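Read off the chains here:
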Amino acid sequence: MLIGAHVSAAGGSNKAIARAKEIGAECFQIFASSPRMWSAKPIADAVAEKYQAEMKRSGMGPTVLHGKYLVALGSSDPELLAKSEVALQADIAAANKLGALGVIFHPASHRGQGFDAIIDQFAGSVRKILDNEPGDSLLMLETSAGAGDHIGSSFAELGTLIRAIGNDRVAVCLDTQHVWAAGYNIAAADTLNAAMDEFDKEIGIDLLRSVHANDSMRELGSSVDRHENIGDGLIGTAGFQTLMAHEAFKRVPFYLEVPGTGKSGPDKPNIDRLKAIRTQVGAG
Ligand SMILES: [Zn+2]
Ligand SMILES: [Zn+2]
């Protein structure tokens, strides 16, 4: 179980490695391009080579890229769908080039059409993107908090999409705050066991390939996406102890996306809290 964090890639992806090291991260997540704008610059060969060499030297665990927040493969707007496909394909191309584990993206909203109505479109788009961009990097669907018409707040929905896609480069990123908000009580042993049994039945536990490790500002089942620093939220230190002791998480990299103790994003205190819990539960 590696413990990492989202870090800024401002100034280039190589800068991210130093930032991750500085806070004691063992692996990290970056945006391949600005998450709130459609534009994306392809990564130059020289940059990718330098990055891969530096990553090898650093002993850092797997990089993941976070996709754009704008991506909406369940949209009925053909222009938005087309832009989403281009953006996600650019991200998976970047991931392949950097040797990243994969791209984590939000299944986003079905915009009132209902989940069943978007399955074929969503699956077709993902298949097309992966066919156009062969390589080793995964596309990871992120669990959602379930606000509004958001797709993927139940393991059943994610499993349905993944089976419809039918490509072994598709996996899942479990966000601890989102699943909590979606009503899975991952902080107590019996309900955590039930949740992970459900994950295994609906998706397959082998497809759990990354975790967004965030405590929660909001209550269980609130459907509200509000991250809190580890131990300061409603999941709490005891909740993370329970979670990190569970077999399903033992070989999965954790990436913090917390506000930070100084409100400047994931920081060393949060990394240290997770590392301490990992030691306590013997999951190192
Ligand atoms: Zn996310
Ligand atoms: Zn979130």
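Keep in mind it's a predicted model, so treat the numbers as computed, not measured. (Residues numbered from 1 in each chain as written. Chains lettered and ligands numbered in written order. Predicted model: local features only at pLDDT ≥ 70, side-chain atom pairs only at ≥ 80, totals over all residues. Heavy atoms only, no water.)

Some thoughts on the coordination of the zinc ion (ligand 2)
Protein-derived ligands of the zinc ion (ligand 2) are His178 (NE2), Asp225 (OD), Asp225 (OD) and His227 (NE2), with the metal-ligand distances lying across 2.0 to 2.7 Å. Each donor residue of the zinc ion (ligand 2) lies on the same chain, and together they follow the pattern H-x46-D-x1-H. The distance between the zinc ion (ligand 2) and the zinc ion (ligand 1) comes to 5.5 Å. Placement of the pair is histidine 178 in helix α6 (residues 176-181) and histidine 227 in strand β9 (residues 227-228), with a sequence separation of 49 residues. When its relative accessible area of 4% is taken as the criterion, histidine 178 is described as buried. (Donors = N, O, S within 2.8 Å, 3.2 Å for Na, K, Ca; no water. Helix = DSSP H or I, 4+ residues; strand = E, 2+ residues; numbered from the N terminus. Buried < 20%, exposed > 50% of the residue type's maximum accessible area, 1.4 Å probe, protein only.)

Things to note about the UniProt feature "domain: Xylose isomerase-like TIM barrel" (unreviewed entry) in the protein
The UniProt entry lists residues 17-266 under the feature "domain: Xylose isomerase-like TIM barrel" (unreviewed entry), expressed in the numbering used here. Along residues 17-266, the helical share is 40% and the strand share 14%, with 14 Å between the first and last C-alpha atoms. (UniProt positions renumbered as here; feature names shortened; annotations may be inferred.)

Points about the UniProt feature "binding site: Zn(2+) 3" (unreviewed entry) in the protein
Those residues carrying the UniProt feature "binding site: Zn(2+) 3" (unreviewed entry) are His178, Asp225 and His227 in this numbering. A maximum C-alpha distance of 8.6 Å is found for the annotated residues, which run over 50 residues; spatially they form one tight group. Structurally, the position occupied by aspartate 225 is in the loop between β8 (215-216) and β9. Note on aspartate 225: relative accessible area 37%, which makes it partly exposed. With sequence-adjacent residues up to four places away left out, aspartate 225 is seen in contact with Ala145, Gln177 and His178. Of note is the side chain of aspartate 225, whose polar atom sits 3.2 Å from the side chain of histidine 178. (Contact = heavy atoms within 4.5 Å. Polar contact = N/O pair within 3.5 Å; in protein donor to acceptor, adjacent residues only side chain to side chain.)

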